[in-house]
Amino acid sequence: GVPYATYAGGMLPSATSAGDVYFAAASDGKAVYATGIERGGGDKPRPNTPVVYKITLPDRKAATAFFGDPKTVGNARAPLSYPHWLAVDGAGHVLAADRNNNRVLVIGEKSGKLIGSIRVPSPTWVGVHRKTGAVYVRSGGSIVKFAGVKNAREVSRLTLPKLPDRI
């Protein structure tokens, strides 16, 4: 934790999640994108709302919905279902691993609008190489490398070793 007096971000929702929270710094360093900072609603408790929030720095204003709708869980055509990881490529794109929709969304960093997506089964994290633009996604027991957000062809795949059931 960080004492409020030294916390540089905005106010977080009061129903913050006990689950996984994901952050990515904006390309210009003037904001932070976040998901998993608020519990989802509905009949079944969700680990987070289907939203990517933007927290401007250092003004401490409240987190605002940047992409998605906190009240609407998405499907293959709607914004988000289960955002699970965030990355920023430094070229104007925010990437969000949308685990339940089997894709990584590419969102315009300035517009907050959907630019495209990369189809990948159950992505649990995403990363971007800022110089080459290569996108790395963990999918199941593999790490998959894609050429980039504009050319989302698979370049290589690394199968991860199985971990023992007990250590």
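Chemist: Would you mind going over the environment of Ile37 with me for this structure?
Modeler: Positionally, Ile37 belongs in the loop between strand E2 (31–35) and strand E3 (51–56). Take Ile37: its relative accessible area is 3%, and that puts it in the buried class. Taking the C-alpha atoms as reference points, Ile37 and Ala63, separated by 26 residues in sequence, lie 9.5 Å from one another.

Chemist: Looking at this model, I keep getting lost on the sheet that holds strand E1 (residues 22–25). Mind explaining?
Modeler: Backbone hydrogen bonds hold the strands of a sheet together, and the pairing may be parallel or antiparallel. An order of E1-E2-E3-E4 is seen for the four strands of this open sheet, with the pairing classed as antiparallel. Looking along the sheet, the strands with just one partner apiece sit at the ends: E1 and strand E4 (64–68). When strand polarity is set aside, the average angle formed by the axes of neighbouring strands in this sheet is 30°. Sheet analysis places E2 next to E3, joined by four bridges and oriented antiparallel. By the bridge assignment, Tyr33 is partnered in E3 with Lys54.

Chemist: Where do I start with the side chain of Thr35 in this structure?
Modeler: Relative to the assigned elements, Thr35 resides in strand E2. Here Val51 takes part through its backbone oxygen, which lies 2.8 Å from a polar atom of the side chain of Thr35.

Chemist: What is the right way to read the pairing of strand E11 (residues 142–146) from this model?
Modeler: Remember that side chains alternate between the two faces of the sheet whenever the strand is regular. The alternating pattern of E11 places Ser142, Val144 and Phe146 on a buried face, while none of Ile143 and Lys145, on the opposite face, is buried. Sheet analysis places strand E10 (residues 135–139) next to E11, joined by five bridges and oriented antiparallel. Bridge pairing links Arg138 to Ile143 in E11. What sits between the antiparallel neighbours E10 and E11 is a turn of two residues, in which Gly140 has the positive phi angle 60°.

Chemist: When you look at the nonpolar core in this model, what are you seeing that I'm missing?
Modeler: Side chains of nonpolar character tend, in soluble globular proteins, to be buried together. Counting 14 residues, the largest nonpolar core has Tyr33, Val52, Phe66, Phe67, Leu86, Val94 and Ile107 as the members making the most contacts within it. Secondary structure elements with two or more residues in this core: E2, E4, strand E5 (83–88), strand E6 (93–98) and strand E7 (103–108). By size, the runner-up hydrophobic cluster in this structure holds 12 residues, among which are Leu95, Val104, Ile118 and Val137.

Chemist: Hey, could you run me through the pattern of salt bridges in this one?
Modeler: Side chains carrying opposite charge are able to pair once their charged atoms draw close together. In total, this model carries two salt bridges according to the counting rule given. Put simply, Arg103 and Asp98 hold a salt bridge, and the shortest N to O gap is 3.1 Å. Like Asp98, Arg103 is buried. Ionic pairing is found between Arg157 and Glu154, a salt bridge with its closest N-O pair at 2.9 Å. Judged by relative accessible area, Arg157 falls into the partly exposed class, the value being 46%. Its relative accessible area of 39% is what places Glu154 among the partly exposed residues.

Chemist: What am I meant to see in the sheet that holds strand E9 (residues 123–128) here?
Modeler: Judged by pairing direction, the sheet is antiparallel, and its four strands sit side by side in the order E9-E10-E11-E12 without closing on themselves. Each edge of the open sheet is held by one strand with a lone partner, namely E9 and strand E12 (154–159). Strand-to-strand, the axes of this sheet are offset by a mean angle of 20°, without reference to chain direction. Note: E11 against E12, five bridges, orientation antiparallel. Considered in E12, the bridge of Ile143 is made with Leu158.

Analysis parameters
- Counting restarts for each chain, with residues numbered from 1 along the sequence as it is written.
- Given that this is a predicted model, residues contribute local features only at a pLDDT of at least 70 and side-chain atom pairs are listed and counted only at 80 or more, while totals for whole chains, interfaces and linings are drawn from all residues.
- Note that water and hydrogens are dropped before the side-chain values are worked out from all heavy atoms of the structure.
- Numbering goes from the N terminus for both helices and strands, where a helix is a DSSP run of H or I of at least four residues and a strand is a run of E of at least two.
- Accessible area is worked out with a 1.4 Å probe on protein chains only. A residue is then buried under 20% of its type maximum, exposed over 50%, and partly exposed in between.
- At least two DSSP bridges between two strands are needed for those strands to be called paired.
- Interaxial angle, 0 to 180 degrees, is taken between N-to-C directions of lines fitted to C-alpha atoms, where a helix line uses only the stretch in contact.
- Counting of polar contacts relies on pairs of N or O atoms within 3.5 Å, with two restrictions inside protein: one atom must be capable of donating a hydrogen and the other of accepting it, and residues adjacent in sequence are counted only when both atoms are side-chain atoms.
- Only buried Ala, Val, Leu, Ile, Met, Phe, Trp, Tyr and Cys residues count toward a nonpolar core, and they belong to the same one when joined by side-chain atoms within 4.5 Å.
- Any carboxyl oxygen of Asp or Glu within 4 Å of a side-chain nitrogen of Lys or Arg constitutes a salt bridge here.

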